[in-house]
Amino acid sequence: MHFAITCTDKPGNLDLRLATRPKHLEYLDTQVAHIVVAGPLLDAEGRNPVGSLLVVDFPHEAAAQAFAAADPYAQAGVFESVTIQPFRVVYPKT
């Protein structure tokens, strides 16, 4: 089942995000089989990350929650909020 994980950064946490990014990317590399798409949400100018959006494939929501909780960004306190919702892929058609 697919889940959309939307993470909003705490204001003023850009330095912490950047410092944690290498560990975050290493973690995602270990989970690539579950990731449909992932990337940063950007500020209005399209320059700086202000959050993350991931669409993941796990058998149930508890597994998606565990994935999100183990992310180094989450563990470092980068995020102000994290939401996880079931998601249906419509496009591209599979």
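In case you missed it, the structure is sitting above this.
Every residue gets a number counted from 1 within its own chain, in the order that chain's sequence is written. Local features are withheld for residues below a pLDDT of 70 in this predicted model, meaning they are given only at 70 or higher, and side-chain atom pairs are given and counted only at 80 or more; totals for whole chains, interfaces and linings count all residues. Computation of side-chain values: all heavy atoms of the structure, hydrogens and water removed.

S.K.: Please explain a nonpolar patch on the surface as it appears in this structure.
M.R.: Residues form patches when they are more than 30% accessible in relative terms and have no salt bridge. Like charges link within 9 Å. Nonpolar side chains (Val, Leu, Ile, Met, Phe, Trp, Tyr) link within 5 Å. Each accessible area value is a Shrake-Rupley result obtained with a 1.4 Å probe; residue values ignore everything except the protein chains displayed when judging cover. By definition here, a salt bridge exists when the distance from a side-chain nitrogen of Lys or Arg to a carboxyl oxygen of Asp or Glu is within 4 Å. A grouping of Leu41, Val50 and Leu53 is seen on the molecular surface, where their side chains present a nonpolar patch of about 200 Å² in accessible area. Inspection of the secondary structure puts Leu53 in strand 3 (residues 49-57). By relative accessible area, which is 37% here, Leu53 ends up partly exposed. To qualify as a helix, a DSSP run of H or I must reach at least 4 residues; to qualify as a strand, a run of E must reach at least 2; elements of each kind are numbered from the N terminus. Three exposure classes are used, based on accessible area relative to the maximum for each residue type with a 1.4 Å probe and protein chains only: buried under 20%, partly exposed in between, and exposed over 50%.

S.K.: Explanation requested: the packing of aromatic side chains in the structure shown.
M.R.: The relation between two aromatic rings is expressed through the spacing of the ring centres and the mutual angle of the planes. Aromatic rings from Phe, Tyr and Trp, taking only the six-membered ring of Trp, are treated as a pair when their centres fall within 6.5 Å; an angle between ring planes under 30 degrees marks them as stacked, one over 60 as edge-to-face, and anything in between as tilted. In this structure the tally under the stated criterion is 3 aromatic pairs. Pairing Phe58 with Phe67 gives two aromatic rings, centres 5.4 Å apart and planes at 45°, and the pair type is tilted. For the pair Phe58 and Phe67, a shared accessibility class is recorded, and that class is buried. Three or more aromatic residues link up through ring pairs in this structure, and these residues are Tyr27, Phe58 and Phe67.

S.K.: Which parts of the structure should I look at to understand helix 2 (residues 61-70)?
M.R.: Helical periodicity: at 3.6 residues per turn, an α-helix aligns residues three or four positions apart in one direction. Turning to helix 2, its buried residues number three or more, namely Ala63, Ala64, Phe67 and Ala68. Along the axis of helix 2, the buried positions cluster into a sector of 135°, meaning they face one direction only. Whether two residues touch is decided by their heavy atoms; if any such pair falls within 4.5 Å, the residues are in contact. Looking at the packing, one finds that the buried side of helix 2 touches strand 1 (2-9), helix 1 (14-30), strand 2 (35-42), strand 3, helix 3 (72-76) and strand 4 (79-87). Note that the arc is defined by the directions from the helix axis to the C-beta atoms.

S.K.: So what exactly am I meant to see when it comes to the sheet that holds strand 2 here?
M.R.: Strand-to-strand pairing in sheets goes through backbone hydrogen bonds, with the strands running parallel or antiparallel. If DSSP finds at least two bridges between two strands, the strands pair. The 4 strands lie next to each other as 2-3-1-4, forming an open sheet whose pairing is antiparallel. The open sheet has two edge strands with one neighbour each: strand 2 and strand 4. Each neighbouring strand pair of the sheet contributes to a mean axis angle of 15°, computed without reference to strand direction. Here strand 1 pairs with strand 3 via 7 bridges, running antiparallel. Every axis corresponds to a line fitted to the C-alpha atoms, with the helix fit spanning only the stretch in contact, and the corresponding angles, defined between N-to-C directions, vary from 0 to 180 degrees.

S.K.: Looking at this model, I keep getting lost on the environment of Ala38. Mind explaining?
M.R.: With respect to the element layout, Ala38 can be found in strand 2. Judged by its relative accessible area of 40%, Ala38 falls in the partly exposed class. C-alpha of Ala38 to C-alpha of Leu28: the two residues are 10 residues apart in sequence and 9.1 Å apart in space. Excluding residues within four positions of it along the chain, Ala38 makes contact with Leu53 and Leu54.

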